[in-house]
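A closer look at the structure
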Amino acid sequence: MSSSERSGLMDGKRGLIMGLANDKSIAWGIAKALADQGAEIALSYQGDAMKKRAEPLAKELGSNLLFDCDVSKEESVAAMFAAIGDAWGKIDFLVHAIGYSDKEQLRGRYVDTTHENFLKTMDISVYSFTLVGRYAAAMMPEGGSMVTLTYYGAERVMPHYNVMGVAKAALEASVRYMAEDLGKENIRVNAISAGPIKTLAASGIGDFRYILKWNELNSPLRRNVTQDEVGKSALYLLSDLGSGVTGETHHVDAGYHLVGMKAVDAPDIDVVSGRKDA
Ligand SMILES: NC(=O)c1ccc[n+]([C@@H]2O[C@H](COP(=O)([O-])OP(=O)(O)OC[C@H]3O[C@@H](n4cnc5c(N)ncnc54)[C@H](O)[C@@H]3O)[C@@H](O)[C@H]2O)c1
C-alpha cells in the first residue's frame, strides 16, 4: 500500500518493532507499512554493528525512540521498556522479528545440533517473544496486538533449517499459549509465517538461493513474497482489521504451505546452478 492509499488505520497507535538489521529486514517492511497508516514507532536493533544502519532508518520514520536491545539479557529488555514507558506511558502493538542460530548448524544434520546452540537458538528465537510479550502486555492497559515471525520449517522438514525449525514450532505453540493468557486483557497474539525473503538472517541458511528459487517456481502464485507484503499482512493483524483474530499462524508465502510436490510445469533445478537446463 502506498502512502497515496493511506486510510489512517494506525492513526493514534504507538508501538515497538524489534529486529531491525537493515533495509532488507522484515522488521523494516512492517515499520514502513504501519508508518504509512499513521503509526508512531519505536525500533530496536542489536549491537553496535547494526547501529549505523538502524539510525538513518529510524530517522526516515521520524522516530526518536531507537534502542540497542539484546533479548538474551532481561536487563536490556527491561531498560528498553522502561524508556518507552517514560516516553509514551502505554503502547498498542509489538512486533518481534528476531531469530538466531549458529549458522554452522543451519546446514548438515539436525541430529548433530549441539546442546549449547539448541539452548541459545531457543532462548533468542522462542523465549524472547514470551519475555518481550510480558513486558509489552504490562503497557497495554486497554488491549493491543502482538505479532512474531515464523517459517514453514516449523511444520515440515525444510533443507538445512534444522534447529530453527524446532524453534519455530515452539514459537508457534507459544503464540497459542500467549493468546489464551492475554486474550482476557483484549491483547491479541499472532504469528506471520513468511515465505523465504533474502535478508541478513536468511543468508545464514545453507543453499538459501535454491530454497528461494524452488519456492518461486512451485508456489501457487509462482513467485516469492516481498517484505512489503509481509508488512501489509502485519498491518491487518496489528490494526482493527484483525480485531477478531488471535492465536493464528497466518501464512504469507504465495501459498507455498499447501503444496504437496513439485508443480508439473516447474522446471527441475539443482543446488549448484540454481536452475538446470532441461
Ligand atoms: N527472511 C526469511 O526468509 C524469513 C522467513 C520466515 C521468517 N523469518 C523470520 O523473520 C524474522 C526476522 O528476520 P529477517 O529475515 O528480517 O532477518 P534480519 O537479519 O533482518 O533480522 C533478524 C534480526 O534478529 C536480531 N537478533 C538476533 N539475535 C538477537 C538478540 N540476541 N537480541 C536482539 N535481536 C537479535 C538481529 O539483530 C536482526 O535484526 C526472524 O524471526 C526470521 O526467522 C524470516
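Please read all numbers here as calculations on a predicted model, not as lab measurements.

Our focus in this paragraph is the environment of S76. Looking at where S76 falls in the secondary structure, it is placed in helix α3 (residues 74-88). Since its relative accessible area comes to 17%, S76 is described here as buried. Ignoring any residue separated from it by four or fewer positions in sequence, one finds S76 in contact with D68, C69 and D70.

On to empty space enclosed by the protein. This model, assessed by the stated rule, comprises one cavity of 30 Å³ or more. When its volume is computed, the largest cavity comes out at roughly 50 Å³. Y151, Y152, S193, A194, G195, P196, N215, H251, D253, Y256 and H257 together form the lining of the largest cavity. Looking at the lining of the largest cavity, its residues break down into five nonpolar, five polar and one charged.

In this section: the nonpolar core. When a protein is soluble and globular, its nonpolar side chains tend to lie buried together. Judged by nonpolar contacts, the single largest core of 33 residues is most densely connected at I17, I30, L34, V230 and L238. Put simply, the parts of the chain that give this core at least two residues each are α1 (26-36), β2 (40-45), α2 (48-60), β4 (93-96), β5 (144-150), β6 (187-194) and α7 (227-238). Of all the elements, α1 adds the most residues to this core, at six residues. If sequence neighbours within four positions are ignored, L238 has contacts with M10, I30, L34, F93, L94, V95, S145, M146, V147 and R188. Listed in part, the 32 residues of the second largest apolar core include M18, F129, A136 and I187.

Of the pockets and cavities examined, the largest pocket occupies roughly 1,200 Å³. Of all the secondary structure elements, the ones that give two or more residues to the lining of the largest pocket are α1, β2, α4 (115-137), β5, α5 (162-183) and α6 (208-218). For the lining of the largest pocket, the class distribution of residues is 28 nonpolar, 12 polar and four charged. By volume, the second largest pocket is sized at about 240 Å³.

Another aspect to go through is the side chain of S44. Assignment of secondary structure puts S44 in strand β2. For S44, a relative accessible area of 1% corresponds to the buried category. Excluding anything up to four places from it in sequence, S44 contacts L16, I17, M18, G19, L20, F67, C69 and M80.

Procedures and definitions
Residues numbered from 1 in each chain as written. Predicted model: local features only at pLDDT ≥ 70, side-chain atom pairs only at ≥ 80, totals over all residues. Heavy atoms only, no water. Helix = DSSP H or I, 4+ residues; strand = E, 2+ residues; numbered from the N terminus. Buried < 20%, exposed > 50% of the residue type's maximum accessible area, 1.4 Å probe, protein only. Contact = heavy atoms within 4.5 Å. 1 Å grid on protein atoms, 1.4 Å probe; cavity = no way out; pocket = protein on both sides within 12 Å on 5 of 7 lines; lining within 4 Å. Points joined across faces, edges and corners; volume = space filled by probe spheres on them. Nonpolar A, V, L, I, M, F, W, Y, C, P; charged D, E, K, R; others polar. Core = buried A, V, L, I, M, F, W, Y, C linked by side-chain atoms within 4.5 Å.

The values are spatial; any link to function lies outside them.
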